[in-house]
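# Residue-level structural notes
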Amino acid sequence: MIRKLLRRVFTKSAAKPQAEAAVIPLELHGIRREMVSPAARKVCNVLQEAGFKAYVVGGAVRDLIARIDPKDFDVATSATPEEVRHLFRRSRIIGRRFRIVHVMSGAETIEVTTFRAAHDDDTETDEHGRVLRDNVWGNMEEDAARRDFTVNALYYDPSNETVIDYHHGVADLKQKTMRVIGEPRARYREDPVRMLRAVRLAAKLDLILDPAASKPIREMAELLANVPAARLFDEMLKLLSSGHAVVSLKRLRDEGLHHGLLPLLDVILEQPQGEKFVWLALENTDNRVRSGKPVSPGFLFATLLWNEVLSNWNARKANRQHSQPALFEAMDEVLASQAEKLAITRRIAGDITEIWALQPRFEKRAGKAPFRLIEQPRFRAGYDFLRLRAEAGEIEMELPDWWDEFASASTEEREAMLVPDKKGDGPARKRRRPRRKPGSGAASAPAGE
Ligand code: ATP
Ligand code: MG
């Protein structure tokens, strides 16, 4: 037993020679402790007072050095999840694949992770080498070695304002290079999502992907097919709402990472007729993110998939199907084709269909219809979508302009603006419905009727 243990310790340390960590002072990295969120500082402080090691780690340190506002702050510690849980009343342990603790402080939530060991032969993987569970605690050096990129393996200590750097991450960041820690092929095999992260983070930080990191991507891209759909969806959502979606997607295409893997990416990057609309939508999203406005995933995916819906819908109408049912069948088919690889959540799928279903309703500018549409809770999203379609040249700009005016007009002005239905507006011309008594309350139909 002891021999086995000794052999394991010996082989482990022989395989990984002790790395000397650089301790980088404030003058070189520039992170003053006030730049770290109060909650993250407090979490480090409480853990350190209790005798544990604790550092702000990962993306936040990287972003602060690159002078980008961090999205959130993570803390890495020598304390186990249970020990962390006991120190903070408002905290809870979450996750299975990676057990972590969420510590709530004020309005913030800090993700606290225990230092993890590097993988060894006992690590549970699937048949392609993808790591399934990763809950073996280790020391700080091992924790640094299992992170993905050198720029992500930086530890900031708020108590003395130093950065601990095992893998020359600060130098790489300053030299604008993104390098994988360890052997890139092995690291991509353990977790293929790292290939997507490489592209996304390089785009966000304006770094060049080191050739050793970029070369294997093309040939290993197919391993992404093996990643659970929900995880891919999260990663794509991060990429698309990063504020750098346009650059990220162009880089994905350059790295050969899009083809045949994610139907969504095929759709985005390989549709000649819809290209303009998609890039316009992505640019629009990037601008919103950069000016601090929220982006809704539903709106985003609705734009990305619209051209699919449009061609499916047109084909059905050409087949003499009625416009409205044709649209709903087209929507279902397009969403289903994405579902297999990309687990679009039900809620988001609901938002997407609402936005699509509103589109034909914008064409009805007679009678009560426009008054009903404008009362829809999703009117704004539907209208923004309509305007994008016009900007891309799919429809006349006159239509969103009309709605713009209609929305800000008085009731009398609105009445005067109504445009009678054109004759022969598609095959689905309605029969006259019997008049309802006024005030019977059956007026507004929900989106997606
Ligand atoms: P973002 O700016 O999108 O938050 P991030 O690098 O902070 O980027 P997170 O998912 O928040 O990404 O991860 C936090 C840290 O955990 C990373 O900086 C990295 O050190 C580590 N990490 C995350 N994902 C992986 C992975 N797939 N493999 C290895 N380490 C990872
Ligand atoms: Mg992060």
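The preceding data block contains the structure.
In this report, we go over the structure that sits alongside the text. (Residues numbered from 1 in each chain as written. Chains lettered and ligands numbered in written order. Predicted model: local features only at pLDDT ≥ 70, side-chain atom pairs only at ≥ 80, totals over all residues. Heavy atoms only, no water.)

### Considering unusual backbone geometry
The phi dihedral of Glu161 is positive, around 55°, even though this residue is not glycine. With respect to the helices and strands, the residue Glu161 is situated in the loop between β7 (154-157) and β8 (162-165). Residue classification places Glu161 among the buried residues on the basis of a relative accessible area of 13%. For Asp206, which is not glycine, the phi dihedral falls at a positive 60°. Mapped onto the elements of the fold, Asp206 is located in the loop between α9 (193-205) and β10 (208-209). (Helix = DSSP H or I, 4+ residues; strand = E, 2+ residues; numbered from the N terminus. Buried < 20%, exposed > 50% of the residue type's maximum accessible area, 1.4 Å probe, protein only.)

### Some words on the site of ligand 1
In the vicinity of ligand 1 there are 17 residues, among which Arg62, Asp191, Arg194, Arg200 and Lys204 approach most closely. One of the backbone nitrogen or oxygen atoms of Gly59 is found 3.2 Å away from an oxygen atom of ligand 1. Within the contact set of ligand 1, an oxygen atom lies 2.8 Å away from a side-chain nitrogen or oxygen of Arg62. Its free accessible area being 580 Å², ligand 1 has 84% of it covered by the protein chains. With five residues, α9 is the largest single contributor of residues to the shell around ligand 1. Residue composition of the shell around ligand 1, by class: one nonpolar, three polar and 13 charged. (Near = heavy atom within 4 Å. Polar contact = N/O pair within 3.5 Å; in protein donor to acceptor, adjacent residues only side chain to side chain. Areas by Shrake-Rupley, 256 points an atom, 1.4 Å probe, with all protein chains shown as cover. Nonpolar A, V, L, I, M, F, W, Y, C, P; charged D, E, K, R; others polar.)

### Thoughts on the nonpolar core
Taken as a class, soluble globular proteins show a tendency for nonpolar side chains to be buried jointly. Among the nonpolar cores identified, the biggest contains 98 residues, and Leu240, Leu249, Leu282 and Trp356 are the most heavily contacted of them. Sort the elements by how many residues they give to this core and helix α15 (residues 297-318) lands first, with 10 residues. In terms of domain composition, this core takes at least three residues from each of domain 1 (14-177) and domain 2 (228-419). With residues up to four places along the chain from it excluded, the contact list for Leu282 reads Leu240, Ala245, Val246, Leu249, Ile268 and Leu304. Formed by 16 residues, the second largest nonpolar core is a distinct cluster that contains Leu358, Leu373, Ile374 and Met417. (Core = buried A, V, L, I, M, F, W, Y, C linked by side-chain atoms within 4.5 Å. Domains from an automatic or database assignment. Contact = heavy atoms within 4.5 Å.)

### Notes on the pairing of strand β3 (residues 74-77)
Strand direction decides the pairing type here: strand β2 (residues 54-57) and β3, joined by four bridges, are antiparallel. Directly across from Val57, in β3, lies its bridge partner Asp74. (Pairing = 2+ DSSP bridges.)

### Digging into the sheet that holds β7
An order of β1-β8-β7-β2-β3-β6-β5-β4 is seen for the eight strands of this open sheet, with the pairing classed as mixed. Two strands lie at the open edges of the sheet, namely β1 (22-24) and β4 (91-94), each paired on one side alone. Looking at each pair of strands side by side, their axes are set apart by 30° on average, direction ignored. When strand β5 (residues 100-105) meets strand β6 (residues 108-114), the two strands line up antiparallel, connected through five bridges. Bridged to His102 within β6 is Glu111. Its contacts with the sheet place helix α3 (residues 38-49) against β2, β3, β5, β6 and β7, and it is angled at close to 40° to β6. (Axes fitted to C-alpha atoms, helices over the stretch in contact; angles between N-to-C directions.)

### Brief notes about the pairing of β8
Residues of β8 alternate between two faces, with Thr162 and Ile164 on one and Val163 and Asp165 on the opposite face, all of them buried. Here three bridges tie β1 to β8, and the two strands are oriented antiparallel to one another. Across the sheet, the residue bridging to Ile24 is Val163, located in β8. Both β7 and β8 contribute to a ladder of four bridges, which runs antiparallel. Note that in β8 the partner of Asp157 across the bridge is Thr162. Between β7 and β8, which follow one another and run antiparallel, lie four residues, and Glu161 among them has a positive phi close to 55°.

### Examining the packing of aromatic side chains
Each aromatic ring pair is specified by the distance between its two centres and by the angle formed by the two planes. Per the counting criterion, the structure on display carries 15 aromatic pairs. On the numbers, 6.4 Å between centres and 85° between planes, the contact of Tyr155 with Tyr166 is edge-to-face. Taken together, the residues span a long stretch of sequence, with Tyr155 in strand β7 and Tyr166 in the loop between β8 and α7 (169-174) at a distance of 11 residues. Each of the two residues, Tyr155 as well as Tyr166, counts as buried. Look at Phe371 and Phe406: their rings are 5.4 Å apart centre to centre, the planes differ by 70°, and that puts the pair in the edge-to-face class. (Phe/Tyr/Trp six-rings, centres within 6.5 Å; stacked < 30°, edge-to-face > 60°.)

### A closer look at the packing of helix α14 (residues 275-290) against helix α19 (residues 379-391)
It is the contact of α14 with α19, at a shortest axis distance of 9 Å, that shows an interaxial angle of 130°. Comparing their axes, α19 and α14 come out oblique. The way α14 lies across α19 gives a crossing that is right-handed. Across the interface between the two elements, Lys276, Phe277, Leu280, Ala281 and Asn284 from α14 touch Phe385, Leu388, Arg389 and Glu391 from α19. Of the residues that constitute the contact of α14 with α19, the class distribution is five nonpolar, one polar and three charged. (Parallel < 35°, antiparallel > 145°, perpendicular 65-115°, else oblique. Left-handed = near helix turned anticlockwise from the far one by under 90°.)

### Some words on the environment of Arg251
By the element assignment, Arg251 lies in helix α12 (residues 245-254). Taking the C-alpha atoms as reference points, Arg251 and Ala203, 48 residues apart in sequence, are found 7.6 Å from one another.

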